[in-house]
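The lines below spell out each chain.
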Amino acid sequence: MSTKTLSARPASDVLATNKVLRNTYLLLSMTLLFSAMTAGFAMAIKMPPINMWITLIGFYGLLFLTTKFRNSAMGIVCVFALTGFMGLTLGPILNHYITAFGNGYQLVMMALGGTGTIFLGLVRLCINHA
């Protein structure tokens, strides 16, 4: 019977992992905020829902572009374009909830605030363990 010894990961590996996670969470929080801004804009101008076909073509087209440029700086631009478009299509849905429920604003803001707080907490967690 053989025993395996577990070796600790080198500190440089742990730091590299934490840096990747921190950068990922920062990018996710920035895209979330950008999507929230475009959704807020769509809500402010009371934008009507976008045609289903335009929405599908826009989602899949921007997703394809994001995948195509995933290893370049243009990929970041495509990610923000995708999340911005998602925010624009989400705005009319949020307006529906705000008008349909007496506490619609509270529901929307609680979801937005909770999600943003979670991502910022994850970023802070990565920074504290770096």
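Residues numbered from 1 in each chain as written. Predicted model: local features only at pLDDT ≥ 70, side-chain atom pairs only at ≥ 80, totals over all residues. Heavy atoms only, no water.

1. Some words on the layout of surface pockets
Inference 1: If you add up the space inside the largest pocket, you get close to 300 Å³.
Inference 2: Together, 15 residues line the largest pocket, and Ala 36, Ala 39, Leu 94, Val 108 and Leu 112 are the ones closest to its centre.
Inference 3: Mapped onto the lining of the largest pocket, the elements with two or more residues apiece are helix 1 (11–44), helix 3 (73–100) and helix 4 (104–128).
Inference 4: Of the residues contributing to the lining of the largest pocket, the split by class is 12 nonpolar, three polar and no charged. (1 Å grid on protein atoms, 1.4 Å probe; cavity = no way out; pocket = protein on both sides within 12 Å on 5 of 7 lines; lining within 4 Å. Points joined across faces, edges and corners; volume = space filled by probe spheres on them. Helix = DSSP H or I, 4+ residues; strand = E, 2+ residues; numbered from the N terminus. Nonpolar A, V, L, I, M, F, W, Y, C, P; charged D, E, K, R; others polar.)

2. Topic: the packing of aromatic side chains
Inference 1: All chains considered together, the criterion is met by three aromatic pairs.
Inference 2: A ring pair is formed by Phe 59 and Phe 85, whose centres lie 5.4 Å apart and whose planes are at 85°; its orientation type is edge-to-face. Here Phe 59 is found in helix 2 (residues 52–68), whereas its partner Phe 85 is found in helix 3, with 26 residues between them in sequence.
Inference 3: Relative accessible area serves as the criterion here: at 15%, Phe 85 is assigned to the buried category. (Phe/Tyr/Trp six-rings, centres within 6.5 Å; stacked < 30°, edge-to-face > 60°. Buried < 20%, exposed > 50% of the residue type's maximum accessible area, 1.4 Å probe, protein only.)

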